[in-house]
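Structure assessment
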Amino acid sequence: MRTGRHHTSGQRRQNERRGNGWIWRLAMKPSISVLGMGRMGSALARALLEAGYRTTVWNRTAQKTAPLAALGASVAPSVREAIDAAEIIVVNVSDYGATSALLRGSDVAPGLAGKVIVELTSGTPDGARETSRWAKAQGAGYIDGAILATPDFIGTEAGTILLSGAPELYTGNAEVFRALGGNVQHLGAEPGLANALDSAVLALMWGALFGGLHAIAVAEAEKIDLGELGRQWTATAPVIEGLVGDLIRRSNAGRFASDAETLSSVSPHYGAFQHLKALMQARSIDRTVIDGYDVIFRRAIAAGHLHDDFAALSQFMRAA
Ligand code: NAP
């Protein structure tokens, strides 16, 4: 829960009448420490400073804190001092192992009681669940988050951050989260939710990026200008977006059989896929990834889904 100085509404009205309402508002903003001044942690700290939060920063490699100090951040010489300086502790390091190394030492952990930890390091759902249990055992509040944005989106309207954990910690600190991005969403109380959805979205991203790598390899092998490939991506991206959206909706509804709304069944996809496979084979392009596509196609076809909607393939990738 957010802690800090509390003023009665009578005191607040009195202050505002005296014309120093802004002082009251500043005093009510929680103080925040950010641990980790990598690319992302620095962007988070910058956004908090820009939103007027008293911000303390710490980084293992001390010189990376200098640009934030120049923007008005206090620099803590140790993790413990960073924790002691703030009510909210934002963590953004490389992984949960690094978070554990920072927070779980006998000199640091006792300082966490009564604080709110906001873990924005990328990780697994189980990592978030375990860290949440550990934080609660220290008497700290815990919100886990996954950042679906690059550092340049942090603090902007389009910045997307998924959060999960105690709802009252989210609502009590909504303004702080809002400072980090215009599209901050609290998914629910279960702390693993944000990392779980993050992994699902990352699967979409890598599908597109590895598809891009295949496309570049094919275009180069066939002496197609990559600028032309870029133009075709722009032209076909809405079609692909429509297909993925349809796949998700159909899988959600279990509508795997072909029907009047089917955009394409497995059969034409598999036919066109053979052309790509043959071309890649002929040009000796690496087929590690597309051989995996082939396995999924063949599983579905062997089970009788050749003329079903492409969404039928989702049944062959589910957890056993
Ligand atoms: P980065 O620039 O490589 O920074 C990594 C940070 O972790 C540095 O501050 C580093 O400290 C610190 N660190 C690593 N191991 C540590 C340890 N054992 N003890 C203490 N500090 C340690 O990476 P980044 O891009 O900021 O990413 C940070 C987190 O944000 C990652 O979990 C990443 O997945 C997530 N994220 C990043 C992006 C992005 O676009 N960059 C997008 C979404 C999510 P030193 O400076 O001392 O090495």
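Now for a description of the structure that goes with this document. (Residues numbered from 1 in each chain as written. Predicted model: local features only at pLDDT ≥ 70, side-chain atom pairs only at ≥ 80, totals over all residues. Heavy atoms only, no water.)

Turning to the overall build of the chain, a few remarks are in order. Of the regular secondary structure elements, the chain holds 13 helices and 8 strands. Over its C-alpha trace the chain gives a radius of gyration of 25 Å, far above what one expects of a compact globule, namely 20 Å for 320 residues. Overall, the chain is about 75 × 45 × 40 Å in size when its C-alpha atoms are taken along their principal axes. Put simply, of all contacts in the chain between residues at least 6 apart along the chain, 61% involve residues at least 24 apart. Accessible surface, the chain: about 17000 Å² in total, of which carbon and sulfur atoms supply 59%. Each charge sign in the chain was given a centre, from 31 positive and 30 negative side chains, and these centres are 7 Å apart. (Helix = DSSP H or I, 4+ residues; strand = E, 2+ residues; numbered from the N terminus. Rg over C-alpha atoms; globule rule 2.2 N^0.38 Å. Contact = heavy atoms within 4.5 Å. Areas by Shrake-Rupley, 256 points an atom, 1.4 Å probe, with all protein chains shown as cover. Lys, Arg positive; Asp, Glu negative; His and termini not counted. Charge placed at Lys NZ, Arg CZ, Asp CG, Glu CD.)

At Lys223, a position not held by glycine, the phi torsion is positive, near 55 degrees. Tracing the chain through its elements places Lys223 in the loop between helix 10 (193–221) and helix 11 (226–253). By relative accessible area, which is 76% here, Lys223 ends up exposed. Within the chain, Ser284 stands out as a residue other than glycine whose phi angle is a positive 55 degrees. Topologically, Ser284 is positioned in the loop between helix 12 (266–282) and helix 13 (288–302). (Buried < 20%, exposed > 50% of the residue type's maximum accessible area, 1.4 Å probe, protein only.)

Inspection of every chain in the model, using the stated rule, returns 16 salt bridges. Salt-bridge contacts for Arg231 lead to Glu228; the nearest nitrogen and oxygen are separated by 3.0 Å. Here Glu228 and Arg231 lie together in helix 11, a separation of 3 residues that amounts to about one turn. Given the relative accessible area of 31%, Glu228 is considered partly exposed. Among the ionic pairs, Arg287 bridges to Asp291, the shortest N-O distance being 3.9 Å. Judged by its relative accessible area of 26%, Arg287 falls in the partly exposed class. Residue classification places Asp291 among the partly exposed residues on the basis of a relative accessible area of 35%. (Salt bridge = Lys/Arg side-chain N within 4 Å of Asp/Glu carboxyl O.)

Near the ligand you find 20 residues, and of these Met40, Asn59, Thr61, Lys64 and Ser122 are the closest. One nitrogen or oxygen atom from the main chain of Met37 is found 3.4 Å from an oxygen atom belonging to the ligand. Met40 places a polar main-chain atom, nitrogen or oxygen, 2.8 Å from an oxygen atom of the ligand. Summarising the interface, the protein chains cover 74% of the accessible area of the ligand, which totals 900 Å² for the free molecule. Counted by class, the shell around the ligand contains 8 nonpolar, 9 polar and 3 charged residues. (Near = heavy atom within 4 Å. Polar contact = N/O pair within 3.5 Å; in protein donor to acceptor, adjacent residues only side chain to side chain. Nonpolar A, V, L, I, M, F, W, Y, C, P; charged D, E, K, R; others polar.)

Here we take up the side chain of Asn173. Relative to the helices and strands, Asn173 resides in the loop between helix 8 (167–172) and helix 9 (174–180). One polar contact links the side chain of Asn173 to the main-chain carbonyl oxygen of Leu169, over a distance of 2.9 Å.

Bringing the sheet that holds strand 2 (residues 55–58) into the picture now. Spatially, the 8 strands line up as an open sheet ordered 3-2-1-4-5-6-7-8, and their pairing is mixed. Single-partner strands in this sheet number two, and they are strand 3 (74–75) and strand 8 (183–188). One ladder, built from 5 bridges, connects strand 6 (residues 141–147) with strand 7 (residues 160–165); its direction is antiparallel. What sits directly across from Asp144, in strand 7, is Ser164. Set on the sheet, helix 6 (residues 96–103) makes contact with strand 1 (32–35), strand 2, strand 4 (88–91), strand 5 (116–119) and strand 6; between it and strand 5 the angle comes to about 155 degrees. (Pairing = 2+ DSSP bridges. Axes fitted to C-alpha atoms, helices over the stretch in contact; angles between N-to-C directions.)

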